[in-house]
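Coordinate inspection notes
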Amino acid sequence: MIRQARLQLRHLARNTRTLGARVARVYIGLLIAVMAVTIIVASSGISLFAHRAAERDLAANARVFEQIIASRQQQMADAGAVVARDFGFREAFATGDRATLSSALASLRERTGVREAAVISLDGEVIPSAGARQINGTAILSALDKDENRGVAMLDGDLALAAAVPIELPDLAGWLLLFNTLGPADLAELARLSAVEVDGKVLDRARMTPTLAALPLAKVETVSGASGKELAQVSALKSLEAGLEPRLILTHSLATAMEGFHQLQWVLALIALAGAAIGAWLSIRMARGIARPLHLLAKAARKYGAGDVEKVQVEGDSEVRSLARSFNAMVDAVEERERQITYASLHDSLTSLPNRRYFLEKLDRAMVRQSANSRTLVAFFDIDDFKAINDTMGHPVGDSLLCNVASTLQERFPDAMVARFGGDEFGLLISGLDSTVDCANLARSIDAVLNREVVIGRQTILQSVSFGIAIGPQDANDADALLKCADLALFRAKSDGKATCHFFESTLDEEASRRRRMEIDLRRAIREGEFELYFQPLYSLSEERVKGFEALMRWPHPEHGMISPVDFIPIAEESGMIVQLGEWAIREACAQAASWPGELSVAVNISPRQLLPDSLGTCVVQALAASGLPAARLELEITESVFIGDVERTLRLLHSMQSLGVRIALDDFGTGYSSLSYLRSFPFDKLKIDQSFVRALAEGGSAQAIVRAITTLADALGIEALAEGVETVDDLEILRRIGCNMIQGYLISRPVCSRDVNALLQALANSADLRANAA
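Residues numbered from 1 in each chain as written. Predicted model: local features only at pLDDT ≥ 70, side-chain atom pairs only at ≥ 80, totals over all residues. Heavy atoms only, no water.

Attention now moves to helix α5 (residues 137–144). Judged by how many residues are buried, α5 sits mostly within the fold: six of eight residues are covered. Within the sequence span of α5, burial applies to Gly137, Ala139, Ile140, Leu141, Ala143 and Leu144. The inward-facing, buried residues of α5 abut β1 (116–121), β2 (126–128), β3 (150–155), β4 (158–168) and β5 (172–181). (Buried < 20%, exposed > 50% of the residue type's maximum accessible area, 1.4 Å probe, protein only. Helix = DSSP H or I, 4+ residues; strand = E, 2+ residues; numbered from the N terminus. Contact = heavy atoms within 4.5 Å.)

Dropping the structure here:
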């Protein structure tokens, strides 16, 4: 068969211009490529499997070695325990009868087969079984004092397994130690018990090569050995001698591990070659069968490509007739399909508005024709809180809102281009705008038709749209620059609040550049750890003491000095870096609070962005575990904005935090329109009264009534209330009279760095004592 395929390939070589030959070459090439890829993937898989299997075998052998070593140490300890409890042995030890002790130790050594048996007194004196032995009694006693009675120790300059048994009269009077050899012969004996061929040795870490010393413990790694690549695992053995770090080193040759898999790779290669030969023969046969009708179809296609509409005659086998009919149908429908494709590529499928691509094409043409008397206006629109509308009311309502905005803009500007860029973003292009047109009045008319209540289905929605406007040539002379100006104007409008409009100003470009530089600096600062936490005390009026601190983030920039959180937190929120910053703040706050005296708590602000991934719970658990801080001393502060979106998911996460013992506080209480509804949904541990109410306390009127109502409500619900922004003694006294027990603000202390927390606590405690004595 292979010989016949070769003859047919030679025939194809003489007819390279025929369609059949080209089809055959393609099939054969694809087949060879598939076979080659299959061989490569299979070989790689086999190699990877062999490598993983060798790693598992070596790891299993390491565990066996460790178990055997532990078993031998236990056997020595059991044998020593019998002698240590013997009355005659203890009497000889108590009376200092060295001859009897040496005789008993020699007997124990011969009976158990150990290399040495010795006694160490509590002053470090060593009594061996016979002769002088190099045993560091003082170093061994140091290890024994740390409750270590099994391990490796030095005997005559060599590493040996050691087991210690206490000698009690009845109190501890000394230790009976048994030593056994741990040389190459012993390890070779252990290696023979292994399922695979391994080399083992025990070395002090100080005597290991730098390569082996750098390996992580209890993990199989690949290293270069004398005979090539090897798998190695380094395991820590217990030390029974201070200053000694014994390591069990097992190595296994990779070449040996791979030997059994080479034959399988050769078999796969032979199967692939045979499959390629058979496939080549079948490809040639199939190519001859389809060559002629395809040649006729190709001829008709070439004529159609040249502009001559020619249909193929329907004849031949059923497959060929079906192909001919399909070709003829394609000729009839191609113009209609081209029109549909062109329309789809330039229009939005939901609103049927032009898309960004079509908008840019029109803008490029408009910019060429613009002048001082024929201006070009570009406006960018963005629906406020569109994601919240989608999440709370459903995507059908969101889609209807998008269509409503699109139709409103089209009705208002029938002669202009209105486009949808994607999501909730729209664009407006007005070309040939006369210099006498009042653009401010135009913006007001847009605001009037967009920002109003609309009825979608059976729901009334307050439609809120922000937009930015740029005008050429006064703002820019080319399309890209004008688009950038409109985008910056929209960004400023969104920053100013909802349902706002802003025209481009040159200062916006400078502001955007500043924000970009700050974002770059933020990424570098996170990478290099430039941030610090400052702590502001949370003070109890009834107990006259500090009960905790709120952690506040600070950024000491190496060039610009201390940067206010007001400047960098919004950028971190927009870029998503707030998640990294927030997790760092939780870990750092827990670590700092763990060193504070008493039961002082620490409060950490949580951004809504931190609740989107599933990592917040893991971060909190890890921070508490790493620092040792009790969960009850950690408090997470959230604002009601975290409930915008998936409320049920947010509540589940908060309940899981509370089940750990972590306290949850609702920050800026009273400023949101639905704060009371959240109190029904979740049992908060604390309400933080917004500082805007506290600053208005001295004026009397409604502020005092609101604070009193919040305090009474919190007390009725069993929730702690805290007033923020307390800066004067008058505010403090009003809050005390109203019944608000917890306060926070500059009156007590400004935020301080972590190293000044203890000094602040002492100063506040002294001032509390002075007030108590004065009273």
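Once you've had a look at it, read on.
Looking now at the environment of Arg587. Examined against the element boundaries, Arg587 turns out to sit in helix α17 (residues 578–593). Residues Arg587 and Ala625 lie 38 residues apart in sequence; the distance between their C-alpha atoms is 9.9 Å.

On to the sheet that holds strand β12 (residues 425–433). Taken in spatial order, the five strands line up as β11-β12-β10-β15-β16 in an open sheet, and their pairing is mixed. One side of each edge strand has no neighbouring strand; the edge strands of this open sheet are β11 (417–422) and β16 (501–503). Adjacent strand axes in the sheet meet at a mean angle of 20°, parallel and antiparallel pairs treated alike. Pairing geometry for strand β15 (residues 465–472) and β16, over three bridges, is parallel. Residue Gly468 lies in a different strand from β16, and its bridge partner there is His502. Its contacts with the sheet place helix α13 (residues 439–450) against β10 (375–383), β12, β15 and β16, and it is angled at close to 155° to β15. Sheet contacts for helix α14 (residues 479–496): β10, β15 and β16; angle to β15, the most-contacted strand, approximately 150°. (Pairing = 2+ DSSP bridges. Axes fitted to C-alpha atoms, helices over the stretch in contact; angles between N-to-C directions.)

What follows is about the packing of helix α22 (residues 702–716) against helix α23 (residues 729–738). Between α22 and α23, the least distance of the axes is 10 Å, while the angle of their chain directions is 45°. The orientation of α22 with respect to α23, classified from their angle, is oblique. Relative to α23, α22 is oriented so that their crossing is right-handed. Across the interface between the two elements, Gln704, Val707, Arg708 and Thr711 from α22 touch Ile734, Leu735 and Ile738 from α23. A class-by-class count of the residues in the contact of α22 with α23 yields four nonpolar, two polar and one charged. (Parallel < 35°, antiparallel > 145°, perpendicular 65-115°, else oblique. Left-handed = near helix turned anticlockwise from the far one by under 90°. Nonpolar A, V, L, I, M, F, W, Y, C, P; charged D, E, K, R; others polar.)

Our focus in this paragraph is the environment of Leu581. When you line up the elements, Leu581 lands in helix α17. When the C-alpha atoms of Leu581 and Ile569 are compared, they prove to be 9.4 Å apart, with 12 residues separating the residues in sequence. Residues within four places of Leu581 in sequence aside, it is in contact with Ile526, Phe531, Met553 and Ala572.

Most of strand β9 (residues 246–253) sits inside the fold, with eight of its eight residues counted as buried. Of the two faces of β9, both are covered, the one formed by Pro246, Leu248, Leu250 and His252 as well as the one formed by Arg247, Ile249, Thr251 and Ser253. Bridge count between strand β6 (residues 199–204) and β9: six bridges; the pairing is antiparallel. In the sheet register, Asp199 faces β9, and the bridge partner there is Thr251. Where strand β8 (residues 228–236) and β9 come together, seven bridges link them in antiparallel fashion. From the neighbouring strand, Ala232 faces β9, where its bridge partner is Thr251.

Overall, the coordinates contain nine aromatic pairs when judged by the stated rule. Plain terms: the ring middles of Phe359 and Phe421 are 5.1 Å apart, the flat faces sit at 80° to each other, and that makes the pair edge-to-face. One end of the pair, Phe359, is in helix α10 (residues 356–369); the other, Phe421, is in strand β11, and 62 residues separate them in sequence. Through successive ring pairs, a cluster of aromatic residues spans Phe359, Phe380 and Phe421. When the ring centre of Tyr534 is taken as reference, the NZ or CZ atom of Arg554 above it lies at 5.9 Å. (Phe/Tyr/Trp six-rings, centres within 6.5 Å; stacked < 30°, edge-to-face > 60°. Lys NZ or Arg CZ within 6 Å of the ring centre and 35° of its normal.)

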